[in-house]
Amino acid sequence: LACKPFWKPRNLNITQHGLDMQVSFDPAPHTFGFRFFYLHYKLKHEGPFRRKTCKQEQNTETTSCLLQNVSPGDYIIELVDDTNTTRKVMHYALKPAHSPWAGPIRAVAITVPLVVISAFATLFTVMCCKKQQENIYSHLDEESSESSSYTTVLPREVFLCYSSKDGQNHMNVVRCFAYFLQDFCGCEV
């Protein structure tokens, strides 16, 4: 009967990369004869452990094991050698992964296209209003030369619809657009 040497890793580190967990540890010396290690892991309130096999890498100071697409939560992680003589237990809280589209990047990605579309809509409206005014004035010139009676031209009516749920910046843009239509295009808003 031969006794197996006792070994526990000095360093056991867990890092998070999105929804992946990387477990790194100091492997046992090759003289211990361990060929691979098992990584048992589960959520604290989950049933049985899940198992991942980690091969001991030759001539490296650390061995790593990657657990992919793991759901966020509090985990119990056990590192066990292939003969099940030693184990080291650790607790780790995997945080939800934050999307790169969250926060200011998403706000810019939404706001910039809206501003560009609004600018094109304003430019199109101005061009249409100018063309409309030119047509009205040329029509008035023709009428005044043909007869002495004058006709009145009614301003164009425009209905702008927006919601208070669109946000304060959007409401300000719509209001500015309404003032623009009134002042420069002669529209009744």
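Residues numbered from 1 in each chain as written. Predicted model: local features only at pLDDT ≥ 70, side-chain atom pairs only at ≥ 80, totals over all residues. Heavy atoms only, no water.

1. Quick word on the layout of surface pockets
And then number 1: A volume near 510 Å³ is recorded for the largest pocket.
And then number 2: In this structure, the largest pocket is lined by 18 residues; those nearest its centre are Leu114, Ser118, His170, Val173 and Val174.
And then number 3: Of all the secondary-structure elements, those providing two or more residues to the lining of the largest pocket are α1 (104-146) and α2 (168-185).
And then number 4: Counting residues per element, the lining of the largest pocket draws most heavily on α1, at eight residues.
And then number 5: Considered class by class, the residues forming the lining of the largest pocket number 13 nonpolar, five polar and no charged. (1 Å grid on protein atoms, 1.4 Å probe; cavity = no way out; pocket = protein on both sides within 12 Å on 5 of 7 lines; lining within 4 Å. Points joined across faces, edges and corners; volume = space filled by probe spheres on them. Helix = DSSP H or I, 4+ residues; strand = E, 2+ residues; numbered from the N terminus. Nonpolar A, V, L, I, M, F, W, Y, C, P; charged D, E, K, R; others polar.)

2. Some remarks on the sheet that holds strand β7 (residues 87-94)
And then number 1: The strand order across the open sheet formed by four strands is β4-β3-β6-β7, and the pairing between neighbours is antiparallel. Unpaired on one side and paired on the other, β4 (50-55) and β7 mark the two borders of the sheet. Pairs of neighbouring strands in the sheet enclose a mean axial angle of 25°, with direction left out of account.
And then number 2: Here strand β3 (residues 36-43) pairs with strand β6 (residues 73-81) via seven bridges, running antiparallel. When the sheet's bridge partners are listed, Lys42 is paired in β6 with Ile76. (Pairing = 2+ DSSP bridges. Axes fitted to C-alpha atoms, helices over the stretch in contact; angles between N-to-C directions.)

3. Brief notes about the packing of aromatic side chains
And then number 1: Following the criterion strictly, the structure yields two aromatic pairs and no others.
And then number 2: Taking 5.3 Å as the distance between ring centres and 75° as the angle between the ring planes, the aromatic pair formed by Phe36 and Tyr38 counts as edge-to-face.
And then number 3: Accessibility expressed as a relative area gives 15% for Tyr38, which makes it buried.
And then number 4: Of note, Lys42 hangs over the ring of Phe49, and the distance from its end group to the ring centre comes to 5.1 Å. (Phe/Tyr/Trp six-rings, centres within 6.5 Å; stacked < 30°, edge-to-face > 60°. Buried < 20%, exposed > 50% of the residue type's maximum accessible area, 1.4 Å probe, protein only. Lys NZ or Arg CZ within 6 Å of the ring centre and 35° of its normal.)

4. What about the side chain of His40?
And then number 1: As for its placement among the helices and strands, His40 is situated in strand β3.
And then number 2: We classify His40 as buried; its relative accessible area is 12%.
And then number 3: Here the side chain of His40 touches Arg51 through a polar contact of 3.4 Å, side chain to side chain.
And then number 4: Contact partners of His40, with chain neighbours within four places excluded, come to Phe49, Arg50, Arg51, Ile76, Ile77, Glu78, Val80 and Arg87. (Polar contact = N/O pair within 3.5 Å; in protein donor to acceptor, adjacent residues only side chain to side chain. Contact = heavy atoms within 4.5 Å.)

5. As for the state of the cysteines
And then number 1: One pass over the structure, following the stated rule, counts one disulfide.
And then number 2: Cys54 shares a disulfide with Cys65; S-S distance 1.9 Å. For the disulfide bridge between Cys54 and Cys65, the dihedral angle about the S-S bond is near -100°, and by the sign convention the bridge is left-handed. Remark: Cys65 occurs in strand β5 (residues 63-67) and Cys54 occurs in strand β4; sequence separation between them is eleven residues. Cys65 carries the same exposure label as Cys54, and that label is buried. (Disulfide = S-S within 2.5 Å.)

6. Let's talk about the UniProt feature "transmembrane region" (unreviewed entry) in the chain
And then number 1: In the numbering adopted here, UniProt assigns the feature "transmembrane region" (unreviewed entry) to residues 105-127.
And then number 2: Between the C-alpha atoms that bound residues 105-127 there is a distance of 33 Å. The span itself is 100% helix and 0% strand. (UniProt positions renumbered as here; feature names shortened; annotations may be inferred.)

7. Observations concerning a nonpolar patch on the surface
And then number 1: A cluster of nonpolar residues, Val108, Val112, Val116, Phe120, Leu123 and Met127, forms a patch on the protein surface that exposes about 590 Å² of accessible area.
And then number 2: Relative to the elements of secondary structure, Val112 occurs in helix α1. (Patch = residues over 30% accessible without salt bridge, like charges linked within 9 Å, V, L, I, M, F, W, Y side chains within 5 Å. Areas by Shrake-Rupley, 256 points an atom, 1.4 Å probe, with all protein chains shown as cover. Salt bridge = Lys/Arg side-chain N within 4 Å of Asp/Glu carboxyl O.)

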